[in-house]
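Examining the three-dimensional arrangement
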Amino acid sequence: MSPDRSQSAYAASAADLALRALDALRGVGGTAMIAEHVERSDDPKAALGAIRFVGADGFAPYLFGDAVFHPQDAMAVAQSFAVFPPPVSTPAPPPAGGAEPWLVAWRDWATAALLARFADGGDAQVGEVLAPKPEGAPVLAESEPSRATSDTVAPGAPDTVVPDAPDTDWQRWSVRMGQLSPLAIPGLDGPVHAAARTDPAPRALAKGATRAVLRRDFPTAARIVRWLALLRSEGVHLPLDPVPLVEHLGLYGGGPRLALDVAIARRLLGLETV
């Protein structure tokens, strides 16, 4: 399989798994949702990669809905770690280490932690064996935006951050937190969550989500709004009401991944309709 075709297969499989998770969150579909995704796939390896790509969000039906986490689901998630093992040692946070490996390590930890919670009665050591908890969190320091981070990018273009650059200004920081949106889900806690709760982080998240919506970068907006919804569910004071933002994002298409982010945000906010 060519690299382009391989990437396309993984992306298609991840979209399919996100759609399955969304259906399960709505109470639609059969049992053992994650295992079924692998069993019915024409490319089981791509399906296992999709489990890691969707990550902790694949547990949303079990955290928010009535779906039952089956032993087959646990086996499928564990197999994804066996086929795509994380590095033995956790990467250093940027700028000391690369940003992408560090982000992946955090998302892997979230997946492994929830697997341990559902499959082994909350035995955190099981999750630590599969994917140890990384160190550090995106660092926010309020400052004036530079030319490189001004709002001169065309509407609809995805927000990006300079690879391995310090996440100091609110634009870069909010995008980086959006890249860690699978951690914005009940049952997880750590330095990234502490960073999101600490002033002036809620204001930076609100500004980042609003900026993304105005630029029509709805996937980035939905990922950042996830953090605002989580903070609201924890009773953290926010500078804006995230409900209208979530309702606005729900009006747009964008594929199963965006829809799953919005559905999780709605559940965090206690809204009835997915």
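Structure: see above.
All figures in this text were calculated on a predicted structure; none of them were measured in a lab.

**Quick word on the side chain of Ser181**
For Ser181, the position within the fold is in the loop between α8 (170–179) and α9 (191–197). Under the relative-accessibility criterion, Ser181 is labelled buried at 2%. If sequence neighbours within four positions are ignored, Ser181 has contacts with Arg223, Arg226, Trp227 and Asp261.

**Some words on α8**
In terms of burial, α8 is a largely internal element, nine of the 10 residues being buried. Looking at α8, one finds that the buried residues are Trp170, Gln171, Arg172, Trp173, Ser174, Val175, Arg176, Met177 and Gly178. Of the residues flanking the start of α8, the one acting as N-cap is Asp169, its side-chain oxygen 3.1 Å from the backbone nitrogen of Gln171.

**Here's the deal with the packing of helix α3 (residues 44–54) against helix α5 (residues 71–83)**
Following both chains from N to C, one finds α3 and α5 inclined at 100°, their axes separated by 9 Å at the closest point. Judged on the interaxial angle alone, α5 and α3 are roughly perpendicular. Between α3 and α5, the residues in contact are Lys45, Leu48, Ile51 and Arg52 and Ala76, Val77, Gln79, Ser80, Phe81 and Val83, respectively. Of the residues that constitute the contact of α3 with α5, the class distribution is six nonpolar, two polar and two charged.

**What to know about the pattern of salt bridges**
The final tally for this structure, using the stated rule, is 14 salt bridges. Between Arg172 and Asp169 there is a salt bridge, with its nearest N and O atoms 2.6 Å apart. Each of the salt bridges in this network shares a partner with another, and the network as a whole consists of Asp16, Arg20, Glu36 and Arg40.

How each quantity is defined
Residues numbered from 1 in each chain as written. Predicted model: local features only at pLDDT ≥ 70, side-chain atom pairs only at ≥ 80, totals over all residues. Heavy atoms only, no water. Helix = DSSP H or I, 4+ residues; strand = E, 2+ residues; numbered from the N terminus. Buried < 20%, exposed > 50% of the residue type's maximum accessible area, 1.4 Å probe, protein only. Contact = heavy atoms within 4.5 Å. Polar contact = N/O pair within 3.5 Å; in protein donor to acceptor, adjacent residues only side chain to side chain. Axes fitted to C-alpha atoms, helices over the stretch in contact; angles between N-to-C directions. Parallel < 35°, antiparallel > 145°, perpendicular 65-115°, else oblique. Nonpolar A, V, L, I, M, F, W, Y, C, P; charged D, E, K, R; others polar. Salt bridge = Lys/Arg side-chain N within 4 Å of Asp/Glu carboxyl O.

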